[in-house]
Amino acid sequence: MSSPLGEMSVQVFLDEYWQKKPCLIRQALPDFAPELEVDDVAGLACDDLADARLVSGSYSSMNWTQEYGPFKPKRLRQLPESNWTLLVQDVEKHYPPLQCLLSAFCFIPSWRIDDLMISVAAPGGSVGPHVDQYDVFLLQAKGHRRWQIARSFDPGLAPGCELNLLAEFTPEQEWDLAPGDMLYLPPGVAHHGVALDTCMTWSIGLRAPSQADLLQALGEWLAETQAEGNRYSDKPASELPRPGEIAPEDVQGLLELMRQALVDERLPNAFLGSFISRYRLAHQPAPPEEPISPEELFSELSNGRRLVRNPWTRLAWVEQQGKAELFAAGDEFVCSIGTAQALSSTPPVLPEQNAPNLDLISRLINSGHFYLETEDADQPD
Ligand code: SIN
Ligand code: CO
């Protein structure tokens, strides 16, 4: 797929807009022909595994309601003519050919890309004025939507509304987007998108862990990986303890116990790789019923079967002493950098079929991160 930035160069986008300010790109993807129709999105919203919600209401009446999927087809057939939006997350995982659209944003590190969310809206449909914590590219796929944004705003939220909507919203800029147009928003910009006709918006969402997310996950990782017996012990005290006091040397001893955990040399790569490859993952890939051996894998590949990445597996790798530490949804493997890059490409490239790679790929398959395409091309969820 060509650059998703229309006539704007990647360098100009990165230098002037990325993480800095909103950017409207007219005809970012000229002649964009969405691979999914409104009915396909409605069908997905009825799937048990899909993360879908239906938002009804309008800013003028502040009468918002939110319902969660999976929906009964009958519920979606009964929707009124206006003022609703149906949103489905992780669409590229349910419909893997759409991974190509995400890979067109390859000027951003792939670990930062979260998912493709698709919203379908009736005229007047909106999710209300709000602020997101993540960068987003809002690609108009069908119909027209009016986007209003404000970089300065009162952050007060509308009381009693579970949608976290702004109580007050005065737009500073607005644009009507047509199919192929795209609006980039960095985190922290208030925005409100209202459907002008029946429309579909595809949101390419980024992810950025907060300090709190990292520290919480680090605490869990350290607690799981540290030796069991590491526990506080007293040094002989020269004076009798005062009732209730945690003496300064005890405080130092407790801090030292924590510090020891943080000098684990595996910490930066092993923790960050496993955390990043799992962060905001809605489903953990499940191992197949039948494991495969490297020899069986070789013969299957020789018979022309194709290696496919489980769409729910996130791959991320870090370079360590000339090798790659490859993480697949939290599981760790070691391989060559070329192999890590090949497996992380979209679609994955089959690396050289030597003994270490056949062993690696069979272990990735046996952990549920890859599979061999079956003859009828069915894909597990
Ligand atoms: C939408 O697609 O309607 C909402 C997307 C957003 O505001 O982030
Ligand atoms: Co938003």
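That block above? That's the structure.
Residues numbered from 1 in each chain as written. Chains lettered and ligands numbered in written order. Predicted model: local features only at pLDDT ≥ 70, side-chain atom pairs only at ≥ 80, totals over all residues. Heavy atoms only, no water.

1. A short note on the sheet that holds strand E12 (residues 199–206)
Consideration 1: The antiparallel open sheet is built from 8 strands, whose spatial order is E1-E10-E7-E12-E5-E4-E2-E3. The open sheet has two edge strands, strand E1 (23–25) and strand E3 (65–68), and neither has a second partner. For this sheet, the mean inter-axis angle between neighbouring strands, taken without regard to orientation, is 20 degrees.
Consideration 2: Examined bridge by bridge, strand E4 (residues 84–88) and strand E5 (residues 113–121) share 4 bridges and lie antiparallel to one another. Its bridge partner lying in E5, Leu 87 is registered against Ser 119. (Pairing = 2+ DSSP bridges. Helix = DSSP H or I, 4+ residues; strand = E, 2+ residues; numbered from the N terminus. Axes fitted to C-alpha atoms, helices over the stretch in contact; angles between N-to-C directions.)

2. Focus on the coordination of the cobalt ion (ligand 2)
Consideration 1: Protein-derived ligands of the cobalt ion (ligand 2) are His 130 (NE2), Asp 132 (OD) and His 191 (NE2), with the metal-ligand distances lying across 2.0 to 2.1 Å.
Consideration 2: Positions of the donor residues of the cobalt ion (ligand 2), expressed as sequence spacing, correspond to H-x1-D-x58-H. With a gap of 61 residues between them, His 130 in strand E6 (residues 130–131) and His 191 in strand E11 (residues 190–195) connect regions that are remote in the sequence.
Consideration 3: On the basis of relative accessible area, His 191 is assigned to the buried category, the value being 4%. (Donors = N, O, S within 2.8 Å, 3.2 Å for Na, K, Ca; no water. Buried < 20%, exposed > 50% of the residue type's maximum accessible area, 1.4 Å probe, protein only.)

3. Remarks on the packing of aromatic side chains
Consideration 1: Across all of its chains, the model carries 14 aromatic pairs by this definition.
Consideration 2: An aromatic cluster is present here, built from Phe 13, Tyr 17, Trp 18, Phe 105, Phe 107, Phe 137 and Tyr 184 joined pairwise through their rings. (Phe/Tyr/Trp six-rings, centres within 6.5 Å; stacked < 30°, edge-to-face > 60°.)

4. Re the nonpolar core
Consideration 1: Ranked by size, the top nonpolar core spans 45 residues in total, and within it Phe 13, Leu 116, Phe 137 and Trp 202 carry the most contacts.
Consideration 2: Sequence-distant contacts of Phe 137, defined by excluding residues within four places in its chain, comprise Phe 13, Trp 18, Phe 105, Ile 108, Met 182, Leu 183, Tyr 184, Trp 202, Ser 203, Ile 204 and Leu 206.
Consideration 3: In this structure, Ala 328, Ala 340, Leu 343 and Leu 364 belong to the second largest nonpolar core, which totals 19 residues. (Core = buried A, V, L, I, M, F, W, Y, C linked by side-chain atoms within 4.5 Å. Contact = heavy atoms within 4.5 Å.)

5. Observations regarding the side chain of Asn 269
Consideration 1: Structurally, the position occupied by Asn 269 is in helix H8 (residues 267–276).
Consideration 2: Taking relative accessible area as the criterion, Asn 269 reaches 18% and is therefore assigned buried.
Consideration 3: Beyond its immediate sequence surroundings of up to four residues, Asn 269 is in contact with Ser 274, Val 318, Glu 319, Gln 320, Glu 325 and Phe 327.

6. A look at the side chain of Asp 181
Consideration 1: With respect to the secondary-structure elements, Asp 181 resides in the loop between strand E9 (173–177) and strand E10 (182–185).
Consideration 2: Look at Asp 181 and you get buried, because its relative accessible area is 3%.
Consideration 3: In terms of polar contacts, Asp 181 uses its side chain to reach the backbone amide nitrogen of Gln 27, at 2.8 Å.
Consideration 4: At a separation of 2.9 Å, a polar atom in the side chain of Asp 181 contacts the main-chain amide nitrogen of Ala 178. (Polar contact = N/O pair within 3.5 Å; in protein donor to acceptor, adjacent residues only side chain to side chain.)

7. Quick notes on the site of ligand 1
Consideration 1: Taken together, Met 117, Ser 119, Val 127, His 130, Asp 132, Leu 138, Arg 145, Trp 147 and His 191 make up the full set of residues adjacent to ligand 1.
Consideration 2: Protein contacts shield 94% of the accessible area of ligand 1, which totals 260 Å² for the unbound molecule.
Consideration 3: Elements that contribute at least two residues to the shell around ligand 1 include exactly E5 and strand E8 (145–150).
Consideration 4: A per-class count over the shell around ligand 1 returns 4 nonpolar, 3 polar and 2 charged. (Near = heavy atom within 4 Å. Areas by Shrake-Rupley, 256 points an atom, 1.4 Å probe, with all protein chains shown as cover. Nonpolar A, V, L, I, M, F, W, Y, C, P; charged D, E, K, R; others polar.)

8. Describing the sheet that holds E8
Consideration 1: Strands sit in the order E6-E11-E8-E9 across an open sheet of 4 strands; the sheet is antiparallel. Each having just a single partner strand, E6 and E9 make up the two edges of the open sheet.
Consideration 2: Pairing analysis gives 5 bridges linking E8 to E9, with the strands arranged antiparallel. Across the sheet, the residue bridging to Arg 145 is Leu 177, located in E9.

9. As for a nonpolar patch on the surface
Consideration 1: On the surface, Ile 246, Val 251, Leu 254, Leu 255 and Met 258 cluster together into a nonpolar patch covering about 430 Å² of accessible area.
Consideration 2: One can find Met 258 in helix H7 (residues 248–262).
Consideration 3: A relative accessible area of 52% means that Met 258 is categorised as exposed. (Patch = residues over 30% accessible without salt bridge, like charges linked within 9 Å, V, L, I, M, F, W, Y side chains within 5 Å. Salt bridge = Lys/Arg side-chain N within 4 Å of Asp/Glu carboxyl O.)

10. As for the pattern of salt bridges
As a working rule, side chains carrying opposite charge can pair if their charged atoms are close by.
Consideration 1: Taken as a whole and judged by the stated rule, the model has 15 salt bridges.
Consideration 2: The salt bridge partner of Asp 114 is Arg 280, with a shortest N-O separation of 2.7 Å. Of the two residues, Asp 114 sits in strand E5 while Arg 280 sits in the loop between H8 and helix H9 (294–302), which places them 166 residues apart along the sequence.
Consideration 3: Three or more residues joined by partner-sharing salt bridges are found here, namely Asp 90, Glu 92 and Lys 93.

11. Focus on the packing of helix H6 (residues 211–225) against H8
Consideration 1: Direction vectors running N to C along H6 and H8 enclose 110 degrees, while the axes themselves pass 11 Å from each other. Classified by the interaxial angle, the pair formed by H6 and H8 is roughly perpendicular. Where H6 crosses over H8, the handedness of that crossing is right-handed. Counted together, Asp 213, Leu 214, Ala 217, Leu 218, Trp 221 and Leu 222 of H6 and Leu 267, Ala 270, Phe 271, Leu 272, Ser 274 and Phe 275 of H8 form the full contact between these two elements.
Consideration 2: Class assignment for the residues of the contact of H6 with H8 results in 10 nonpolar, 1 polar and 1 charged. (Parallel < 35°, antiparallel > 145°, perpendicular 65-115°, else oblique. Left-handed = near helix turned anticlockwise from the far one by under 90°.)

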